[in-house]
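Survey of secondary and tertiary structure
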Amino acid sequence: MVPPASVPLGFLLAGAVGLVAFGACLAFGATLAVRSPRSPDVLAVTHLGVLAFLTTAVLGALHQFAPVVGVRALRSIPVARITVVTLVIAVWALPIGFAYFPTTLVVVGGLVGAVAVCLAAWNLSGPLSSREGGIPVVGLRLSVLYLLVTVTFGVVYVLDRHYGWFPLIEHRVLAHAHVGLFGWLGLTYISVAEKLWPMFLLAHRPKARSGAWAVGLVAAGTAVLGTGLLFAWPVVTGAGGAVVAAGIGAHLTSLAGAVKHRRRPLELLHVFLFVSAAFVVVALVLGAVGGLAPVSTTVRMHLVSAEIAALIAWLGLAVIGHCHKIVPFITFNRLRERGIQTNRSGGPLLFGDLFDHTVAVATLVIGATRFALVVAGLAAGFAAAVAAGGAAVGIAGLAVTLNLGLGPRRVLPKAAHQDPEPELARTT
Ligand code: HEM
């Protein structure tokens, strides 16, 4: 049912490189991010975060997860591989184009990105058209639809930057940004969580209605919020924002329910989840103050930038936390298929053997504190904090990539490091 490990791992590796680049470029572009958030260099950094890191990693997770939850395979493995390649081309062409070649490369990046997400949507439509799977499958159908809408917005805006059809004023850009962050990335996470959280915690909740409300409210609220922002209708924007906030409230209630009814102890993943949840609350507060408070344009700009950064932190920490489950799960199965049953000390092979726990804790501490520094720095207009935070986020990205990427080396016999194949062949 699930695709070969190289498919999700290919997306996840590309997403990890995107995270490192996002942190590094944020460190270098901190002054511009504070002074001029709409500048091309800042757009480049933002898209490294939302496309090269988050969208790429989340699509990788979906190529693994959708077949499991829909109990139906992807439509085509070769198309999944082509999707990785086209997506990687797009998510790098777009930021490089924004920063250095304003027209040609941006248009190419936008169009190749549109091809990549259409391929992904077609492939995922196989498992997602299944009648199995309940709320997570319904939520994922909608979130993939929102991905298509986000990218359509993006391509129209890219062409508009070239042909000048209409003024690309802030509220229109924010419509695209919020549909992408809440409708695509947020809704995907909220939907997937409804399957993964009870499973990881062995939680049998008497009712799981809060999860269904979360998916429904975030999906409906994003449509209203996006429409309000697009046409600069403050009442509609406020109503949409309130519905999305209610959906996030239901999502957090669902997390509390899974934790309360757990039959397994909490672990590092859950600390990632709690910290990540704090960032979405901060984002909602910043968004509400930025949208409603009578503040100057400069302060509003800082608040909106900080809100976008807090949403990236919410999703980023959740993705990194879940990767500490997903990647060991995939590599564990791969090693078992190849006959590796034990760890280096001869004990049974466990997921926990496939990464260093201390490095994982350090990743969480660095990621959480430094994302907080970035959000605070953007809100207060303090570039040095954004630069310091960005650099450390890049380092956290490098730490998680090496920690999870080198996982199999921690269990393979030493001689197999030079050439794993003969060792694997002997053990199979
Ligand atoms: C192929 C895909 C995409 C293209 C072509 C694209 C293109 C664009 C363009 C042209 C802008 C406005 C530029 C301006 O202000 O002049 C923009 C802004 C933005 N986009 Fe995208 N985008 C894409 C995907 C996404 C996704 C998937 C997300 C989020 C999940 C996203 C989040 C944002 C954000 C947050 C901004 C505002 C940045 C800021 O104000 O600093 N974009 N995008």
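Right above here is the structure, for reference.
Let me sum up the structure you'll find in this document. (Residues numbered from 1 in each chain as written. Predicted model: local features only at pLDDT ≥ 70, side-chain atom pairs only at ≥ 80, totals over all residues.)

Some remarks on the overall build of the chain
- Counting its regular elements, the chain contains 14 helices and zero strands.
- For the chain, the α and β elements follow one another from N to C terminus as α-α-α-α-α-α-α-α-α-α-α-α-α-α.
- The C-alpha atoms of the chain give 21 Å as radius of gyration, which agrees with the globular expectation for 428 residues (22 Å, within 12%).
- With respect to the three principal axes, the spread of C-alpha positions in the chain is 65 × 50 × 40 Å.
- In the chain, which comprises 428 residues, the share counted as buried stands at 51%. (Helix = DSSP H or I, 4+ residues; strand = E, 2+ residues; numbered from the N terminus. Rg over C-alpha atoms; globule rule 2.2 N^0.38 Å. Buried ≥ 20, exposed ≤ 12 C-beta atoms within 10 Å, placed from the backbone.)

Notes on helix α7 (residues 170-201)
- Of all bends in α7, the biggest is about 40 degrees, found at alanine 193.
- Most of α7 sits out of view: 25 of its 32 residues are buried.
- Where α7 terminates, the next one or two residues include leucine 202, which has phi positive at roughly 50 degrees. (Bend = angle between axes of the 7 residues up to and from the residue.)

Quick look at the site of the ligand
- What surrounds the ligand is a group of 29 residues, the closest being Gly110, Gly113, Gly154, Ala177 and Gly180.
- Listed by contribution, the elements that provide at least two residues to the shell around the ligand are α3 (40-70), α4 (77-100), α5 (104-128), α6 (134-163) and α7.
- Considering only residue class, the shell around the ligand consists of 18 nonpolar, nine polar and two charged. (Near = placed C-beta within 6 Å. Nonpolar A, V, L, I, M, F, W, Y, C, P; charged D, E, K, R; others polar.)

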